[in-house]
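Inside the fold
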Amino acid sequence: MKKILSSRFFNRPTLKISQELIGKFLVRKIGKKKIEGMITEVEAYDGHRDRASHASRGETPRNSVMFGGAGVWYIYLIYGNYLMLNIVTHRKGYPAAILIRSTGVSKGPGRLTRHFKIDKSLNKKIANEKSGLWIEDRGVKIAKSKIKRTPRIGVDYAGPIWSKKHWRFVLKTK
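Figured I'd write up the structure that's included with this text. (Residues numbered from 1 in each chain as written. Predicted model: local features only at pLDDT ≥ 70, side-chain atom pairs only at ≥ 80, totals over all residues. Heavy atoms only, no water.)

Attention shifts here to a positive patch on the surface. There is a patch of like positive charges on the surface, built from K2, K29, K32 and K34. Tracing the backbone shows K32 in the loop between β2 (25–30) and β3 (33–46). The class of K32 is exposed, set by a relative accessible area of 86%. (Patch = residues over 30% accessible without salt bridge, like charges linked within 9 Å, V, L, I, M, F, W, Y side chains within 5 Å. Areas by Shrake-Rupley, 256 points an atom, 1.4 Å probe, with all protein chains shown as cover. Salt bridge = Lys/Arg side-chain N within 4 Å of Asp/Glu carboxyl O. Lys, Arg positive; Asp, Glu negative; His and termini not counted. Charge placed at Lys NZ, Arg CZ, Asp CG, Glu CD. Helix = DSSP H or I, 4+ residues; strand = E, 2+ residues; numbered from the N terminus. Buried < 20%, exposed > 50% of the residue type's maximum accessible area, 1.4 Å probe, protein only.)

Quick look at the structure:
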């Protein structure tokens with residue numbers, strides 16, 4: 001069973017979706033070629049108050065997609081070299097997104113975007129077949145006990161409260 005996740009799936013609380021994304025499949029179609037991998041690690045960025053989120057200082061041209069509808073890609077460049085892939089969650093006007101950090105075939109968010117041939121042209125596109133990038137539910141069931149929650153990576157700038165939140169979800173390997 002393959003089911004493409006729609007905006008309805010993503011229009012819910014971000015932390016709930018984050019955990020549920022573990023075991024789903026990221027799919028990229030370019031021409032007749034498909035690149036796919038099971039999502040094994042994500043990080044949540046949730047709301048105006050989240051000091052680690054791009055939205056914590058308000059809406060800007062860069063982060064405006066986070067304030068739009070759920071189920072849209074938010075892609076941005078960091079360190080002048082790495083693209084980060086996020087899926088927007090929650091209701092319109094509430095800035096939230098989930099960073100897709102790893103799949104079984106690509107470890108780390110920069111490697112992931114390179115492996116899946118993701119570029120800025122996908123920013124603000126709906127996650128569906130038409131855009132060429134989507135997430136599928138293939139019926140893989142991951143028990144909550146198989147998902148480890150840890151602090152997010154590289155967000156020390158957010159201060160001790162926000163940098164320590166256990167909003168990173170990782171599939172346990174053992």
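Our next topic: the layout of surface pockets. The calculated volume of the largest pocket comes to roughly 470 Å³. Around the largest pocket sit 23 residues that line it, and Y76, I78, M84, I153 and G154 are the ones nearest its centre. Going through the elements one at a time, β3, β4 (73–78), β5 (82–88), β6 (96–103) and α3 (109–115) are the ones with two or more residues in the lining of the largest pocket. Taken together, the residues that form the lining of the largest pocket break down as 15 nonpolar, five polar and three charged. Of the voids in this model, the second largest pocket is the one considered here, and its volume is about 250 Å³. Residue lining of the second largest pocket: L15, K16, Q19, E20, I22, K24, D137, V140, K141, I142, K144 and I147, and that is the complete set. Residue contributions to the lining of the second largest pocket peak at four residues, all from helix α2 (residues 14–21). (1 Å grid on protein atoms, 1.4 Å probe; cavity = no way out; pocket = protein on both sides within 12 Å on 5 of 7 lines; lining within 4 Å. Points joined across faces, edges and corners; volume = space filled by probe spheres on them. Nonpolar A, V, L, I, M, F, W, Y, C, P; charged D, E, K, R; others polar.)

Turning our eyes to something else, we now look at the environment of G23. Within the secondary structure layout, G23 lies in the loop between α2 and β2. Separated by 32 residues in sequence, G23 and A55 have C-alpha atoms that sit 27 Å apart. Beyond its immediate sequence surroundings of up to four residues, G23 is in contact with M38, I39, V140 and I142. (Contact = heavy atoms within 4.5 Å.)

Let us now look at the packing of aromatic side chains. Applying the stated criterion to the full structure yields three aromatic pairs. Centre to centre, the rings of W162 and W167 are 5.9 Å apart; their planes meet at 70°, and the pair counts as edge-to-face. Like W167, W162 is buried. In this structure, R138 is placed above the aromatic ring of F25, and the distance from its NZ or CZ to the ring centre is 4.4 Å. Of note, K165 hangs over the ring of W162, and the distance from its end group to the ring centre comes to 4.8 Å. (Phe/Tyr/Trp six-rings, centres within 6.5 Å; stacked < 30°, edge-to-face > 60°. Lys NZ or Arg CZ within 6 Å of the ring centre and 35° of its normal.)

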